[in-house]
Amino acid sequence: MVNPYKDVNTDDGAIIRTFSEGLNEEELVWHRDKQDREIAVVSGTDWQLQMDNKLPTELKKGKLYYINAMEYHRLIKGNGTLRLKIWEHKNGTTL
């Protein structure tokens, strides 16, 4: 399966992940990640993050979101292209 996003590594060890405005919402599936992650919105409006057994939360620029390793979650498509800055953590440290 091809990922519905494109990643670019940054000099500070983070990842810029871009979800295109034209992606099919069906590509945004429930999933789990192997590492803890902190996520910040770089750009995009009305996109939402839904954690397992919780209501969706609007992703807002300037706010950090924390996702525990192996916790089910998904994105819900909003307007425009979504760009996230992602820091992955393993054993409490940034990778």
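Preceding this section is the structure that the text describes.
Keep in mind it's a predicted model, so treat the numbers as computed, not measured.

What about the side chain of His73?
Along the polypeptide, His73 turns up in strand β7 (residues 73-76). Of the polar contacts made by the side chain of His73, one reaches the side chain of Asp33; its length is 3.1 Å. What His73 contacts, discounting residues up to four positions off in sequence, is Val29, Trp30, His31, Arg32, Asp33, Leu49, Gln50, Met51 and Ile67.

Things to note about the nonpolar core
Membership of the largest hydrophobic core comes to 16 residues, with the highest contact counts inside it found for Phe19, Trp47, Leu49, Leu59, Leu75, Leu82 and Leu84. Elements supplying a minimum of two residues to this core: β2 (15-19), β3 (36-45), β4 (48-51), β6 (64-67) and β8 (79-90). Here this core takes 3 residues from β8, the largest share from any one element. Setting aside anything within four residues of it in sequence, one finds Leu75 in contact with Phe19, Leu28, Gln48, Leu49, Leu59 and Leu82.

Observations regarding the sheet that holds β4
Strand order in the open sheet formed by 3 strands is β5-β4-β7, and the pairing between neighbours is antiparallel. Edge positions in the sheet fall to β5 (57-58) and β7, since each has one partner strand and no second. Pairing of β4 with β7 involves 4 bridges; the strand directions are antiparallel. Pairing of Leu49 across the sheet is with Leu75, part of β7.

A word on the packing of aromatic side chains
In the structure shown here, the tally under the stated rule is 2 aromatic pairs. Look at Phe19 and Trp47: their rings are 6.2 Å apart centre to centre, the planes differ by 45 degrees, and that puts the pair in the tilted class. Of the two residues, Phe19 is situated in strand β2 and Trp47 in the loop between β3 and β4; the sequence distance between them amounts to 28 residues. Trp47 shares its class with Phe19; the two are buried.

What about the pattern of salt bridges?
By the definition in use, this model includes 4 salt bridges. The salt bridge partner of Asp7 is Arg17, with a shortest N-O separation of 2.7 Å. With Asp7 in strand β1 (residues 6-9) and Arg17 in strand β2, this residue pair connects regions lying 10 residues apart in the sequence. When its relative accessible area of 9% is taken as the criterion, Arg17 is described as buried. Each member of the salt-bridge network shares a partner with another, and the members are Asp33, Arg37 and Glu88.

About the criteria used
- Residues numbered from 1 in each chain as written.
- Predicted model: local features only at pLDDT ≥ 70, side-chain atom pairs only at ≥ 80, totals over all residues.
- Heavy atoms only, no water.
- Helix = DSSP H or I, 4+ residues; strand = E, 2+ residues; numbered from the N terminus.
- Polar contact = N/O pair within 3.5 Å; in protein donor to acceptor, adjacent residues only side chain to side chain.
- Contact = heavy atoms within 4.5 Å.
- Core = buried A, V, L, I, M, F, W, Y, C linked by side-chain atoms within 4.5 Å.
- Buried < 20%, exposed > 50% of the residue type's maximum accessible area, 1.4 Å probe, protein only.
- Pairing = 2+ DSSP bridges.
- Phe/Tyr/Trp six-rings, centres within 6.5 Å; stacked < 30°, edge-to-face > 60°.
- Salt bridge = Lys/Arg side-chain N within 4 Å of Asp/Glu carboxyl O.

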